[in-house]
Amino acid sequence: MSTSRESILSAIRKNKPDLLPLPDKFTFESNYPDVLEQYQQTLQMIGGTVEVVPDLPTVSQRIGELFPNFKEVAVTIPDLRYLADVNLENITDPHELEDINLAIIPGRYGVAENGAIWVTEQEMKQRALPFITQHLVLVIRAETIVPNMHEAYKRIQVDETGFGTFIAGPSKTADIEQSLVVGAHGARSLVVFIIK
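Residue indices begin from 1 for each chain and proceed along its sequence in written order. Where totals are concerned, whole chains, interfaces and linings use all residues; where local detail is concerned, this predicted model gives features only for residues with pLDDT of at least 70, and gives and counts side-chain atom pairs only at 80 or more. Hydrogens and waters are ignored; side-chain quantities use all the structure's heavy atoms.

> Tell me what's going on with the nonpolar core, and back it up with residues and numbers.
In terms of nonpolar packing, the biggest core is built from 27 residues, with Y39, L129, L136, L138, V192 and I194 touching the most fellow members. Secondary structure elements follow DSSP: runs of H or I of four or more residues count as helices, runs of E of two or more count as strands, with numbering from the N terminus. Of all the secondary-structure elements, those providing two or more residues to this core are α2 (35-45), β3 (102-106), β5 (116-120), β6 (135-141) and β11 (189-195). Residue contacts for Y39: discarding those within four places in its chain leaves V50, G110, V111, A112, G115, A116, I117, I145, V192 and I194. The next biggest cluster of nonpolar side chains, apart from the first, holds 16 residues, and it includes V59, L102, I104 and I195. By nonpolar core we mean a set of buried residues, namely Ala, Val, Leu, Ile, Met, Phe, Trp, Tyr and Cys, connected to one another through side-chain atoms within 4.5 Å. Exposure categories follow from relative accessible area, calculated using a 1.4 Å probe and restricted to protein chains: below 20% of the type maximum is buried, above 50% is exposed, and the middle band is partly exposed. When checking whether two residues touch, look at their non-hydrogen atoms; a contact exists if any pair is within 4.5 Å.

Here it is as structure tokens:
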């Protein structure tokens, strides 16, 4: 006498499709007329703020205007370290980052299709930094923006650093009672400066 489970598994085995070889080339191409413009639109659509600026001094000026009198600021961009009042070199335990209000970090690559930025622990200095801060500023160069994730993965060398992640923000979730909560799992705001 066969059980329901055995009957179901037998039917699945009989109707299983033939195995097919994986494609040799499995990438998508995105042909945006303007990759920079697409990146900006995508990031704004997901709640981030983006500004195209000519240089780091302009980034510094804008940070001062957007985040005046902020305390507990961590910066990992050497030319902007004077904006910091937290020395990350002295932090050995990530729990010491719990009061960070603003983190300013460089990114390696931007992705136009989803507004994400690839950041490694070399840029973060502390893995927890971009996730524990209240507000996050990422700085990338316009020429590092690629159309899609396939293009981004072609540029990433996973074995180059111990940790890396794509960040698209600000952090948000609507899992609980279908109510949007911003800052649930990371920064409450994300500002991206694109140096062109």
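> Describe the sheet that holds strand β1 (residues 49-53), and please don't skip the residues or the numbers.
Pairing is parallel across the open sheet formed by 5 strands, whose spatial order is β1-β11-β6-β3-β2. Where the open sheet ends on each side, the last strands, each with one partner, are β1 and β2 (73-75). Mean inter-strand twist for the sheet, computed between neighbouring axes without regard to direction, equals 15 degrees. We treat two strands as partners when DSSP finds at least two bridges between them. With 7 bridges connecting them, β6 and β11 associate as parallel partners. Bridging across to β11, V139 finds its partner in F193. Every axis in this analysis is a line fitted to C-alpha atoms, fitted for helices over the stretch in contact. Angles between the N-to-C directions lie between 0 and 180 degrees. Each of β1 and β11 is contacted by α2, which is oriented at about 150 degrees to β1, the strand it contacts most. The sheet contacts of helix α3 (residues 56-66) involve β1, β3, β6 and β11, and relative to β11 the element is tilted by about 155 degrees.

> Just give me the short version of a negative patch on the surface, but keep the residues and values in it.
A contiguous patch of negative charge, built from E72, D85, E98 and D99, is present on the exposed surface. Of note, E72 is situated in the loop between α3 and β2. Patch definition: residues with relative accessible area over 30% and no salt bridge; like charges joined within 9 Å; nonpolar side chains (Val, Leu, Ile, Met, Phe, Trp, Tyr) joined within 5 Å. Using a 1.4 Å probe, the Shrake-Rupley method yields the accessible areas, and only the shown protein chains count as cover for residues. Salt bridges are defined as contacts in which a side-chain nitrogen from Lys or Arg sits within 4 Å of a carboxyl oxygen from Asp or Glu. Just so you know, the count uses Lys and Arg for positive and Asp and Glu for negative, and it drops His and the chain ends. Where a charge sits is defined by one atom per residue type, namely NZ (Lys), CZ (Arg), CG (Asp) or CD (Glu).

> Outline the pattern of salt bridges, supporting the account with residue identities and numerical values.
Evaluation of the coordinates by the stated rule reveals 7 salt bridges. A salt bridge links R127 to E121; the shortest N-O distance between them is 2.9 Å. Note that R155 is salt-bridged to E151, the shortest N-O span being 3.2 Å. Remark: E151 and R155 occur in helix α6 (residues 149-155); sequence separation between them is 4 residues, near one turn of the helix. R155 sits in the partly exposed class, given a relative accessible area of 39%.

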